[in-house]
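Here's the letter readout for the chains.
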Amino acid sequence: MSDVVPLLKFTPSAQDPQVLETITVQREPLAQRLVEIIRDAEGARHQLLIGPRGIGKTHILSLVANRVRTEAGAGSITLAWMEEDPWGISSYEKFLAAILAGIAEERSDSELQARADELHATRDESGRQGEEALREAVGSSRLVLLVENLDDVFRRIGENGQERFRAFVEDWQQLLIVATAQQLFEGVQLHESPFYGFFAITRLEELSLDSAAELMRRIAELRGDEDLVRFLRSDVARGRLAAVEALAGGHPRIWLLLSGCVSIDAIDALVPLFLEALDDLTPYYQDRLRELGIQQQELVVLLSEAGGALSNRALAERSGIAQNQVATILGQLAERGYVRRAEVPEEIASGDARMSYWELREPLMRLCLDVKQARGKPLRMVVEFLRAWYGPRLLDELVALPPGAELASTYVSEAFRTLPDVLSDEELLRGSPEEILARAEVGLAADPKRRELQVAKASALLMKRRYAEARDVLEPLVSSAETTRPQLGLEIQLIAAKKGLGESVDEESMVRTLLELSEAQPDVLAVQEFVASGLNIIDRHEEALDVFERAIELGSESVGLLAVYGRSLAAIDLLDQALEVLERALELDPNDFEANAVHGFVLSRSGRPEESLEAFGRAIELAPRNSDVHQLKANALVDLDRHEEALEVLLRALKFDPESPKLHGTKGAILLGLERYSEALDAFAEASRRDAGNGLLWEIQASLLDYLDRPEAALDAARRVTELEPDNASAWSLQADVLVDLERIEEAEQAAQRAVELDPENPTFWFGFSEVGFAMNEVAVGVQRLREALAVWGEKREGGPGDPEMICALLWDHWESIHRQIEVVDQVVAAYDEVDTTEDLGRGLVESAAWLADPDVPLEEAEAWVDAWAGAREVEELQIPLRLLRAAAAWKKDQDRAHLLALPPEQREILVGLLTPETDDDSSS
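This one's a predicted model, so the numbers in the text were calculated from it and none came from an experiment.

Reading the values: rules and limits
Residues numbered from 1 in each chain as written. Predicted model: local features only at pLDDT ≥ 70, side-chain atom pairs only at ≥ 80, totals over all residues. Heavy atoms only, no water. Helix = DSSP H or I, 4+ residues; strand = E, 2+ residues; numbered from the N terminus. Rg over C-alpha atoms; globule rule 2.2 N^0.38 Å. Contact = heavy atoms within 4.5 Å. Areas by Shrake-Rupley, 256 points an atom, 1.4 Å probe, with all protein chains shown as cover. Lys, Arg positive; Asp, Glu negative; His and termini not counted. Charge placed at Lys NZ, Arg CZ, Asp CG, Glu CD. Pairing = 2+ DSSP bridges. Axes fitted to C-alpha atoms, helices over the stretch in contact; angles between N-to-C directions. Polar contact = N/O pair within 3.5 Å; in protein donor to acceptor, adjacent residues only side chain to side chain. Patch = residues over 30% accessible without salt bridge, like charges linked within 9 Å, V, L, I, M, F, W, Y side chains within 5 Å. Salt bridge = Lys/Arg side-chain N within 4 Å of Asp/Glu carboxyl O. Buried < 20%, exposed > 50% of the residue type's maximum accessible area, 1.4 Å probe, protein only. Expected span 1.5 Å × (residues − 1). 1 Å grid on protein atoms, 1.4 Å probe; cavity = no way out; pocket = protein on both sides within 12 Å on 5 of 7 lines; lining within 4 Å. Points joined across faces, edges and corners; volume = space filled by probe spheres on them. Nonpolar A, V, L, I, M, F, W, Y, C, P; charged D, E, K, R; others polar.

Chemist: Would you mind going over the overall build of the protein in detail, with residue names and values included?
Modeler: Looking only at helices and strands, the protein features 50 helices and eight strands. A compact globule built from 925 residues would reach a C-alpha radius of gyration of about 29 Å, whereas the protein, at 44 Å, exceeds it by more than 25%. The C-alpha extent of the protein, read off along each of the three principal axes, is 140 × 75 × 50 Å. Of the contacts formed within the protein by residues at least 6 apart in sequence, a portion of 64% connects residues at least 24 apart. Surface summary for the protein: the accessible area is close to 44,300 Å², and the carbon and sulfur share equals 47%. Once the 95 positive and 170 negative side-chain charges of the protein are each reduced to a mean point, those two points are 10 Å apart.

Following this line, the structure appears as structure tokens:
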């Protein structure tokens, strides 16, 4: 069905019959019983439904009418449905005319309508013409008269009219009345009244919460809202429905009016919608108040202002009305559905049990007074609604509010500020560090002194490694608290913050304190859990292991503790044990977010990325906005070489935490894997903007800028690294490489020397130092450094033996001055031969064929290059590279393809690729 199906809250008689059937809950047995009474009317009693406005009386009559119309054999029944408000009835005769008009409308009979109009205008005071007209119109069928507000109708026709109508009904056995009224009234209640004992009376009960939930589900299905159908099965939805019940009671009209609010996720949309719904209700409740007498109105207003229940005595004292009279008025109000007795369970009750307490049946009745008394302040009813609706999750809603949602922000802030409960760690510490921090900061903006929010903020700052800010939050908390276990927890966090800043801390003293606490109370589970978690926070994982085990032996079934235990085991590389602990946690609660996230992390560390993806997927289902677990999933996809999928996951994480430098850095790393270098550079630059003190981010940018042939920018980035980290050898080496490209050789020499001094056991830095020697045209120095580099490399043989292509290129650059010095080439060959890596040197030599073939290179220089390498010591691994060089030089001399065709196909293909000029046309060969 359409998602814009209208729900008519105040005129259900005009509602589409199929819609009415769909949204009927709890009343179904009553509606069906009434239809059966009508079908088998012989000997049936007339029916009167009693209930306050909005309880669903018209809804039931509409159901009954529609079912009677569509049932087989309905032709034997004539319906007459009176208008809900009997304003045109002022006598018995006009009542009969109105019944006849109802029959005419049901049949769409214009002649009968004209007869009804004629009767309405007649001066016949006997009513015989109307009675005869009804008999004639109904004929042999049965007349079912549906009358709303029967008390008002009886009041209008007077006692004489009631007596005549009773006589007519008893004489004419073809009439069955199904009527409604808001309360019992004298016309049916007093022994001497004409209709005493005439009706079978049914009091309509309010909807139960289960029925209301079913109503919401059916409305969602009616509108085709599958998301809402699923949402209504959740605990959050159940809590929201309970919040509506606390305000609306069980009145279906109010439930229908507020039904749209249940499905609204965004609070900035909910607040205006709820205010609009309340605005629609205001006239309704104002009309209901106007129906009351002056003293009745006064008691209702007093209960509204009180907010809770008041006793007869309290109401008498506040109103000045005698207590016995107050009791009578309250009985009348209860009968009419305005108030009800307030009860508490007997087992906890105390005080004078004879005293009656009363409260409004519908708390929304207070809306009328709220609107008048607000005077620019948030409406109390809306604030209470939000507190009941969201509870502590108001913080999450405040975080999610868009910048322009000023109305919602005002209401939600006030609701949170007046929320009396102390917020639990479970509420505050859900989700990623970014989510926790945002939740704490927005809460503190509304309530700056709330201690648990300050503690949560410090925890999030620690998780984000923003140690200085965490320290600033924790120090005043520690100094102002008493020596208790929570206080010790704050001190643990403060030590972690100072430790992260490199400040002096008495960590050993804290460890002793924790272990002493554990030993002093070895059988107290809560103590063992606290100590284990505390040791974990300050990264004392070894000491924590025994305490974790003790807590588990004491019977801890805390999934959270097991998740932390698993994390500690992984931190000291006990991965198999960590997996066992985490699997135990997931047996206890498969839907615990932390356990699933840590399980995925340990699976990934254990080289099981496919399984880790499953764990991360479950964690994301449980906390779809947690950016950390999205990042972990992206990393696992990278391990599986599924970079495109990893990027999609990472981009989702950035939607949830766009300010995270870690996420921008991970995005850059994934883009590097996709060889999208310019985009990767932009991602790392974004990360640096948010974490300018992170040297690694600048170092990666420097390397990328160098690769993208932007040496000046690369040099700036590399220097930024050495400013931040003066002892970073790789950054100095990178600076040297860039300075060589910029032909600033003296500066390059200083940078390369600094790298070697900082890490003399790293062959990479020696190779770079060697290259600077060649670049300075100090070939002997270059060769000597190359030998040292290869010697260092030869001890571990990790990574490649330098960059032979670069060495060959540097020799070529200075060839004019050394082209007769065959011994230089011989020394280079000897250095590589001594560590059995001449094959790598050959790779660099083959690359030189491209420079040799350049048309701008004189033939004699190219031939001298070949002669120099051919004149060096003979090494088997260099024979094929030399053959390619000779063929390239011969081809350069006369462009005869025979030189190339003389090579084996695989060698020829390599050489042709090197000799082919580079163009912008990708199709060139």
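Chemist: Tell me about the sheet that holds strand β1 (residues 46-50), and please be specific about residues and values.
Modeler: Spatially, β2-β3-β4-β1-β5 is the arrangement adopted by the five strands of the open sheet, whose pairing is parallel. Here the strands that pair on one side only, and so sit at the sheet edges, are β2 (77-81) and β5 (199-203). Along the sheet, successive strands turn relative to each other by an average axial angle of 15 degrees, direction set aside. In this structure, β1 lies alongside β5, joined through five bridges in parallel fashion. The partner of H46 across the bridge, within β5, is F199. The strands touched by helix α3 (residues 57-70) are β1, β2, β3 (142-147) and β4 (175-181); relative to β2, the strand with the most contacts, the crossing angle is about 155 degrees.

Chemist: Before we move on, can you summarise the environment of N596 with the specific residues and values?
Modeler: The topology assignment puts N596 in helix α31 (residues 593-605). Taking the C-alpha atoms as reference points, N596 and S612, separated by 16 residues in sequence, lie 9.2 Å from one another. Sequence-distant contacts of N596, defined by excluding residues within four places in its chain, comprise L586, P590, N591, A615, R618, A619 and L622. A distance of 2.8 Å separates a polar side-chain atom of N596 from the backbone oxygen of D592.

Chemist: So what's going on with a negative patch on the surface? Which residues, and what values?
Modeler: Residues E83, E84, D85 and E105 make up a contiguous surface patch of negative charge. Considering the arrangement of structural elements, one finds E83 in the loop between β2 and α4 (92-107).

Chemist: Could you give an account of the pattern of salt bridges, with specific residues and numbers?
Modeler: It is possible for side chains bearing opposite charge to pair when their charged atoms get close. The final tally for this structure, using the stated rule, is 45 salt bridges. The salt bridge partner of K457 is E441, with a shortest N-O separation of 3.9 Å. You can see K457 sitting in helix α23 (residues 451-463) and its partner E441 sitting in helix α22 (residues 433-446), a full 16 residues away along the chain. Looking at K457, the relative accessible area reads 22%, which means it is partly exposed. For E441, a relative accessible area of 35% translates into the label partly exposed. D628 is the partner of K662 in a salt bridge, and the nearest nitrogen-oxygen pair spans 3.5 Å. In this pair, K662 is assigned in helix α35 (residues 661-673) and D628 in helix α33 (residues 627-639), connecting sequence segments 34 residues apart. Accessibility expressed as a relative area gives 43% for K662, which makes it partly exposed. For D628, a relative accessible area of 19% translates into the label buried. Within the structure, one salt-bridge network assembled from shared partners comprises K499, E507, E508, R540 and E543.

Chemist: If you had to explain the sheet that holds strand β7 (residues 339-341) to someone new, which residues and values would you point to?
Modeler: The strands making up a sheet associate through backbone hydrogen bonding, with each pair oriented either parallel or antiparallel. Strand order across the open sheet formed by three strands is β6-β8-β7, with antiparallel pairing between neighbours. Here the strands that pair on one side only, and so sit at the sheet edges, are β6 (310-311) and β7. Relative to the sheet, helix α14 (residues 294-306) contacts β6, β7 and β8 (357-360), its axis offset from that of β8 by approximately 85 degrees.

Chemist: So, the side chain of T838: which residues are in play, and what are the values?
Modeler: If you trace the backbone, T838 turns up in helix α46 (residues 838-852). At a separation of 3.1 Å, a polar atom in the side chain of T838 contacts the side chain of E877. Dropping the residues within four chain positions of it, T838 is found in contact with V829, Y832, D833, V875, E877 and L878.

Chemist: Can you lay out α4 for me, pointing to particular residues and giving the numbers?
Modeler: A rise of 1.5 Å per residue sets the reference length of α4, with its 16 residues, at 22 Å; its end C-alpha atoms lie 23 Å apart and thus fit the reference within 8%. Next to the buried residues of α4 lie β2, α5 (110-121), α6 (128-138), β3 and α7 (150-171). Looking one or two residues past α4, S108 carries a phi angle of roughly 55 degrees, positive in sign.

Chemist: Lay out empty space enclosed by the protein with the relevant residues and their values.
Modeler: Evaluated as defined, the whole model comprises two cavities of 30 Å³ or more. Each pocket or cavity is described by its volume, and for the largest cavity that value is around 110 Å³. Around the largest cavity, the lining residues are I23, T24, V25, R27, I55, G56, H59, L207, L215, P252 and L256. Split by residue class, the lining of the largest cavity holds seven nonpolar, three polar and one charged. Lining the second largest cavity, in full, are E93, L119, T122, D124, G127, Q129 and G130. Here the residues of the lining of the second largest cavity sort into one nonpolar, four polar and two charged.

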